[in-house]
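# Observations on chain architecture
Residues per chain, in single letters:
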Amino acid sequence: MKRERATTLLNDMLDRLEEGGWPLDLVDEILVFGSYARGALNPSDVDLVVEHRRDDRLTSEFLHALSYGRDPSASMKRALKGNSRGLQIHFGERKTLEAEGFELTPLWTRGEPVAAARARLAAITPDPAAGRAPRDHMIEVFDGIDRWVPRPVRITLTDLVDRKAVTIRQLQLPDVQPAHPAAHEALLRWSDTSPLRRAAAAVLAHLEATSRPLDSVYLHGEPVIGSRYSDTTWQTGIGFGWSHYRSISHHLQEGTDWFEVVRPTRTQPLHTLHITVQDRSALPRLRRKRPCTGQSWSASAAGPATRTATRARCSGGTASRSTCHRDAHHVLGARGYGSLHADKSM
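First things first, this report covers the structure right here in the doc. Owing to the predicted nature of the structure, the values given are computational and were not obtained by experimental measurement.

## So, the nonpolar core
Core analysis: the largest hydrophobic core is formed by 28 residues, its most contacted members being Met13, Ile30 and Leu48. Top contributing element to this core by residue count: helix α1 (residues 3-19), with 6 residues. Counting residues in each nonpolar core, the second largest holds 23 residues, with Trp190, Ala200, Val203 and Leu204 among its members.

## Description of the pattern of salt bridges
Within the structure shown, the criterion is met by 13 salt bridges. Where Arg118 meets Glu18, a salt bridge forms, and the shortest distance between an N and an O atom there is 3.6 Å. Separated by 100 residues along the polypeptide, Arg118 in helix α6 (residues 114-123) and Glu18 in helix α1 bring together distant segments of the chain. Arg118 gets classed as partly exposed once you look at its relative accessible area, which sits at 26%. A salt bridge links Arg212 to Asp257, with the shortest nitrogen-to-oxygen separation between them at 2.6 Å. Of this pair, Arg212 sits in the loop between α9 (195-209) and β6 (217-219) while Asp257 sits in strand β9 (residues 257-261), placing them 45 residues apart in sequence. Shared partners join several salt bridges into a network, and the residues in it are Asp15, Glu18 and Arg118.

## Some details on the sheet that holds strand β7 (residues 222-223)
Within the open sheet, the 6 strands sit side by side as β5-β10-β9-β8-β6-β7. Their pairing is mixed. Edge positions in the open sheet fall to β5 (166-173) and β7, since each of these has one partner strand only. Looking at chain direction, β9 and strand β10 (residues 270-277) are connected through 5 bridges and run antiparallel. Each residue of the ladder has a partner; that of Glu260, found in β10, is Leu273.

## Some points on a positive patch on the surface
A surface patch of like charges, here positive, comprises Arg85, Arg147, Arg263 and Arg266. As for its placement among the helices and strands, Arg263 is situated in the loop between β9 and β10.

## Quick word on the packing of aromatic side chains
Summed over all chains, the structure comprises 3 aromatic pairs. Seen from their ring centres, Trp190 and Phe240 are 6.1 Å apart, and the 65 degrees between their planes marks the pair as edge-to-face. A residue pair is termed long-range when its members are at least 10 positions apart, and Trp190 in the loop between α8 (181-187) and α9 and Phe240 in strand β8 (residues 236-240) qualify at 50 residues. A single burial state applies to Trp190 and to Phe240, both of which are buried. Between Tyr218 and Trp234, the aromatic rings sit 5.3 Å apart at their centres with planes inclined by 40 degrees, giving tilted as the arrangement. With a gap of 16 residues between them, Tyr218 in strand β6 and Trp234 in the loop between β7 and β8 connect regions that are remote in the sequence. In this structure Tyr218 comes out as buried when scored by relative accessible area, which is 13%. Relative accessible area serves as the criterion here: at 7%, Trp234 is assigned to the buried category. A cation sits over an aromatic face here: Arg3 above Tyr36, 4.0 Å from the ring centre. Over the ring of Trp22 we find Arg57, and its NZ or CZ is 3.5 Å from the ring centre.

## Section: the packing of α1 against α6
For the pair α1 and α6, the least separation of the axes is 10 Å and the interaxial angle reads 170 degrees. As the angle between them shows, α1 and α6 are arranged roughly antiparallel. In this structure, α1 uses Thr7, Leu10, Asn11, Leu14, Asp15 and Glu18 to contact α6, whose residues at the interface are Val114, Ala117, Arg118 and Leu121. Residue composition of the contact of α1 with α6, grouped by class: 5 nonpolar, 2 polar and 3 charged.

## Observations concerning the side chain of Arg197
Locating Arg197 in the fold gives a position in helix α9. The buried category is assigned to Arg197, whose relative accessible area is 18%. Look past the residues within four positions of Arg197 in its chain and what remains in contact with it is Leu187, Leu188, Trp190, Ser191 and Asp192.

## Some words on the sheet that holds strand β1 (residues 27-33)
As a general point, the strands of a sheet are linked pairwise by backbone hydrogen bonds and lie either parallel or antiparallel. Taken in spatial order, the 4 strands make up an open sheet running β3-β2-β1-β4, and their pairing is mixed. Each end of this open sheet is capped by a strand with a single partner; those strands are β3 (87-91) and β4 (105-109). Strand-to-strand twist across the sheet, computed as the mean angle between neighbouring axes with direction ignored, equals 25 degrees. Contacts from α1 reach β1, β2 (46-52), β3 and β4 within the one sheet, and its direction differs from that of β2 by about 20 degrees. Strands in contact with helix α4 (residues 74-81) are β1, β2 and β3; relative to β3, the strand with the most contacts, it is inclined by about 135 degrees.

## Description of the pairing of β1
Burial analysis of β1 places 6 of its 7 residues in the buried class, which makes it a mostly covered element. As paired elements, β1 and β2 share 6 bridges and run antiparallel to each other. Paired with Glu29 across the bridge in β2 is Glu51. Inspection of the sheet shows β1 paired to β4 by 4 bridges, in the antiparallel sense. Paired with Val32 across the strands is Thr105, a residue of β4.

Definitions and cut-offs
- Residues numbered from 1 in each chain as written.
- Predicted model: local features only at pLDDT ≥ 70, side-chain atom pairs only at ≥ 80, totals over all residues.
- Heavy atoms only, no water.
- Core = buried A, V, L, I, M, F, W, Y, C linked by side-chain atoms within 4.5 Å.
- Buried < 20%, exposed > 50% of the residue type's maximum accessible area, 1.4 Å probe, protein only.
- Helix = DSSP H or I, 4+ residues; strand = E, 2+ residues; numbered from the N terminus.
- Salt bridge = Lys/Arg side-chain N within 4 Å of Asp/Glu carboxyl O.
- Pairing = 2+ DSSP bridges.
- Patch = residues over 30% accessible without salt bridge, like charges linked within 9 Å, V, L, I, M, F, W, Y side chains within 5 Å.
- Areas by Shrake-Rupley, 256 points an atom, 1.4 Å probe, with all protein chains shown as cover.
- Lys, Arg positive; Asp, Glu negative; His and termini not counted.
- Charge placed at Lys NZ, Arg CZ, Asp CG, Glu CD.
- Phe/Tyr/Trp six-rings, centres within 6.5 Å; stacked < 30°, edge-to-face > 60°.
- Lys NZ or Arg CZ within 6 Å of the ring centre and 35° of its normal.
- Axes fitted to C-alpha atoms, helices over the stretch in contact; angles between N-to-C directions.
- Parallel < 35°, antiparallel > 145°, perpendicular 65-115°, else oblique.
- Contact = heavy atoms within 4.5 Å.
- Nonpolar A, V, L, I, M, F, W, Y, C, P; charged D, E, K, R; others polar.

All we've got here are geometric facts, nothing functional implied.
Printed below as a string of structure tokens:
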């Protein structure tokens, strides 16, 4: 996009921040990085780091969204971005990105007037020589789709390939519908015009064409057949747009493969990565689960607010052990959930 458009998006965000209200009153700091911060005249988007606190309401929404396979940061994103596109927000990733060598430019800190942020924004001057840096963590399978494979995802997947734990191949799925009644039922989660419904139909039709059973398929946070809280070992996982990418390594500890439609759209090609276990012993080791005693193992690593909310769901003996472990699994997978799209080449 044009730099002028990017600057307008940032000023619109600052307008919203100045108006305040929930959840914007939880924001502590905003920083900008990537091609816009370097002065590029045509940045692909604007990368922002947002540090914020969580109150009980935001924590509750966070866990509810994870439970239903939705974006756990949706409320904060909407508050900051409105309905506009072009801002890529990375939540809670300042230390990680700085450690990886990203240069972050402070834009606003809690307690400052928004006018100070506007002055800093104006001081980021255009530089005709600035452009995109070469992407790192690249393997052949990313060719042609690397712009839709965020850097944190590339790091994870290249590590799995280097370990010889998985093989990955790129597919372009045809735009077809599955025939199985259970597949039709699963597609009712989305409207007829939803890009996610189109992507789900294409993957399910591909599984049918390759004679894969649907009773062991986990589709974007929900099983195609059965309950998410059953003891079924889901052999095939399906994700869209990397919203569940942190679950891939967990899934492959027992499952066989994972299909990721990297960019679900209504009309464009359905580029998909098929990730298959090659050597399960080479997968990264995960901490073992322990029995649910009112607090799940991974919730203890997720912070006091998240611990409280997770404990409430597991306490009193009303939740099964598998339920508690699945909630804990989702919480762990959500840590660092805002890191997608961070890329030095942007």
